[in-house]
Amino acid sequence: MDLKCHCLKLNDGHFIPVLGYGTYASSEAPKGKAEEATKLAIDAGFRHVDSAYLYQNEEEVGRAIRSKIADGTVKREDIFYTSKLWATFLRPELVRPALEKSLKKLQLVYVDLYIIHFPMALKALEKCKDAGLVKSIGVSNFNHRQLEMILNKPGLRYKPVCNQVECHPYLNQSKLLDFCKSKDIVLVAYSALGTTRDKRWVDQSSPVLLDDPVLGALAKKHKRTPALIALRYQLQRGVVVLAKSCNEKRIKENTQVFEFQLTPEDMKDLDGLNRNVRYITAEFGTGHPNYPFSEEY
């Protein structure tokens with residue numbers, strides 16, 4: 001199944017597939033799995049692949065993409081590849097070398113979307129877009145105040161096309177979603193299935209999203225999995241959603257998200273699950289003036 005027709009138009013004219021394959025793996029995941037899993041995802045129909053310098057797997061992901069191009073499964077232009085600038089490369093003179101390092105690992109000429117976590121790198125990233133190294137520029141974990149600051153920045157040449165944030169039925173980000181829509185910025189949901197519960201980042205006493213009885217009841221009603229219900233919920237809200245798995249059966253299963261629809265009543269039930277549970281709190285940044293999670297949204 002080719003999912004490339006399921007896309008949203010970004011504010012710079014490019015298109016982003018609404019279902020993405022997330023390549024981040026917890027510390028407990030087998031090393032070297034990213035290449036095989038990314039190949040499986042592309043074979044299953046995924047055309048949006050999300051990775052980052054921090055994930056330490058861009059060489060593997062790049063090999064997988066190039067392998068699928070070489071065997072004729074896809075062309076480069078069929079793949080929407082996202083990478084991210086990590087916080088150690090925020091100084092303007094470090095931004096382009098960091099992007100070029102990712103491109104060298106990937107052995108690709110450009111990335112489709114490059115995401116930053118802090119606003120100070122934006123101007124240098126605009127130059128990377130001018131140089132053709134990146135097609136679109138996005139941000140991650142920005143609250144509405146930080147987005148306003150970017151949008152009102154004097155001399156802004158390229159508005160961010162997206163804001164990638166944690167988003168799932170327990171943290172549905174409804175106010176931030178409305179704000180982003182009002183500014184023609186696409187919301188991209190990570191941890192849409194409640195995270196891999198990586199002990200390095202996630203409180204192990206936090207509730208397990210996919211065990212929620214409401215998700216379970218809707219899964220039974222639609223003869224789908226709780227994961228598919230959680231993914232479909234985001235698509236019907238106009239959110240781009242990242243699905244993460246190394247399991248071949250679940251990778252293929254996640255592409256079934258386009259085969260059914262939730263009713264308005266289903267959506268209302270899922271909206272009712274919101275309890276502002278944030279799995280990824282980034283506590284290492286709590287003392288920083290740009291820590292994004294102090295605001296309501």
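Scroll up to find the structure this text is about.
All of the points below concern the structure found in this document. This structure is a prediction, so every number in the text was calculated from the model and none was measured.

Looking now at the packing of aromatic side chains. Applying the stated criterion to the full structure yields three aromatic pairs. Seen from their ring centres, Y24 and Y55 are 5.2 Å apart, and the 65° between their planes marks the pair as edge-to-face. In this pair, Y24 is assigned in the loop between β3 (19-22) and α1 (33-44) and Y55 in the loop between β4 (48-50) and α2 (58-70), connecting sequence segments 31 residues apart. Relative accessible area serves as the criterion here: at 22%, Y55 is assigned to the partly exposed category. Ring geometry for Y53 against F89: centres 5.1 Å apart, planes inclined by 90°, an arrangement best described as edge-to-face. Note that Y53 is positioned in the loop between β4 and α2 and F89 in the loop between β5 (80-84) and α3 (92-106), a separation of 36 residues in sequence. On the basis of relative accessible area, F89 is assigned to the buried category, the value being 15%. Between K129 and the ring centre of Y158, over which it is positioned, the NZ or CZ distance is 5.0 Å.

Before going further, it helps to examine the packing of α3 against helix α4 (residues 122-130). Running from N to C, α3 and α4 point in directions that differ by 40°, and their axes come no closer than 8 Å. The orientation of α3 relative to α4 falls into the category oblique. Seen from above, α3 lies across α4 with right-handed handedness. When α3 is examined against α4, the residues P92, V95, R96 and L99 are found in contact with a partner set consisting of A124, L125 and C128. When its residues are assigned to classes, the contact of α3 with α4 shows six nonpolar, no polar and one charged.

In this section: the environment of S294. Its place among the elements puts S294 in the segment after α10 (264-271). Of the residues examined, S294 reaches a relative accessible area of 64% and is grouped as exposed. Distance from S294 to N143, taken between C-alpha atoms, is 8.8 Å for residues 151 residues apart in sequence.

Quick look at empty space enclosed by the protein now. According to the stated counting rule, one finds one cavity of 30 Å³ or more in the structure shown. A breakdown of the residues in the lining of the largest cavity according to their chemical character gives six nonpolar, three polar and three charged.

Our next topic: the pattern of salt bridges. Scanning the model with the defined rule gives 18 salt bridges in all. The partner of D71 in a salt bridge is K68, and the shortest N-O contact between them spans 2.8 Å. Of the residues examined, D71 reaches a relative accessible area of 44% and is grouped as partly exposed. Classification of K68 by relative accessible area gives buried; the value is 8%. One network of salt bridges, in which partners are shared, links E35, K39 and R63.

The rules behind these values
Residues numbered from 1 in each chain as written. Predicted model: local features only at pLDDT ≥ 70, side-chain atom pairs only at ≥ 80, totals over all residues. Heavy atoms only, no water. Phe/Tyr/Trp six-rings, centres within 6.5 Å; stacked < 30°, edge-to-face > 60°. Helix = DSSP H or I, 4+ residues; strand = E, 2+ residues; numbered from the N terminus. Buried < 20%, exposed > 50% of the residue type's maximum accessible area, 1.4 Å probe, protein only. Lys NZ or Arg CZ within 6 Å of the ring centre and 35° of its normal. Axes fitted to C-alpha atoms, helices over the stretch in contact; angles between N-to-C directions. Parallel < 35°, antiparallel > 145°, perpendicular 65-115°, else oblique. Left-handed = near helix turned anticlockwise from the far one by under 90°. Contact = heavy atoms within 4.5 Å. Nonpolar A, V, L, I, M, F, W, Y, C, P; charged D, E, K, R; others polar. 1 Å grid on protein atoms, 1.4 Å probe; cavity = no way out; pocket = protein on both sides within 12 Å on 5 of 7 lines; lining within 4 Å. Points joined across faces, edges and corners; volume = space filled by probe spheres on them. Salt bridge = Lys/Arg side-chain N within 4 Å of Asp/Glu carboxyl O.

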